Amino acid sequence: MAKYTSKTKLEVRARELLKERGVKIDDIAELVYYLQSKYHQDLTMDTCRYNVNRVLTKREVQNAVITGIELDMLAEKKLLSEPLQETIKIDEGLYGIDEVIALSIVNVYGSIGFTNFGYIDKQKPGILEKLNDKSSGEIHTFLDDIVGAIAAAASSRLAHGDAESEHEELDA
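Residues numbered from 1 in each chain as written. Predicted model: local features only at pLDDT ≥ 70, side-chain atom pairs only at ≥ 80, totals over all residues. Heavy atoms only, no water.

Chemist: Explain the pattern of salt bridges to me, please; I cannot follow it from the model alone.
Modeler: Think of it this way: side chains of opposite charge can pair up when their charged atoms draw near. Throughout the structure, instances matching the rule amount to nine salt bridges. Asp91 is paired through a salt bridge with Lys134; the nearest N and O atoms lie 3.7 Å apart. Here Asp91, found in the loop between α5 (84-90) and α6 (97-106), pairs with Lys134, found in the loop between α8 (127-131) and α9 (143-171); they are 43 residues apart in sequence, far enough to count as distant. The partly exposed category is assigned to Lys134, whose relative accessible area is 44%. With a closest N to O distance of 2.9 Å, Lys124 and Asp121 form a salt bridge. Residue class for Lys124 comes out partly exposed when judged on its relative accessible area of 23%. Given the relative accessible area of 17%, Asp121 is considered buried. Counted as one network, the salt bridges with shared partners bring together Arg13, Glu16, Glu20 and Glu70. (Salt bridge = Lys/Arg side-chain N within 4 Å of Asp/Glu carboxyl O. Helix = DSSP H or I, 4+ residues; strand = E, 2+ residues; numbered from the N terminus. Buried < 20%, exposed > 50% of the residue type's maximum accessible area, 1.4 Å probe, protein only.)

This is the structure in structure tokens:
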């Protein structure tokens with residue numbers, strides 16, 4: 001726990017839940033790389049990882065992570081009432097609340113995140129394919145969208161940072 005001394009209890013818990021559910025920072029960083037590598041010639045996994053970690057410092061993101069994962073875990077334990085239990089268990093396509101929570105993450109870094117999120121949500125590369133596999137018996141109705149949203153937000157953060165750098169170069 002000592003390595004988290006500068007982090008809030010909320011951030012520590014959000015990170016612990018991601019890890020407990022089988023999602024590593026590098027998994028999300030790979031999604032950022034997937035989204036941004038064709039736009040950034042020198043993009044590295046370190047840069048992707050850095051941006052993911054910065055997104056995870058935001059309270060809005062931490063709250064979304066904790067809320068969504070807790071709902072997934074309650075559904076796995078069959079502790080939700082019907083029809084919500086079945087809706088979350090099967091990841092009902094018209095439910096949409098999982099995407100609404102994810103969009104609260106995407107909103108943190110502006111509208112560019114919406115397109116990144118929509119794209120990655122349809123493509124389901126990397127960890128998202130695993131999280132969407134219903135054969136494991138695990139429920140990740142919220143988690144898959146949350147992970148995609150963190151990657152989309154980190155991609156947006158990266159794009160905004162590049163735009164600021166380009167602006168600074170023009171001013172010089």
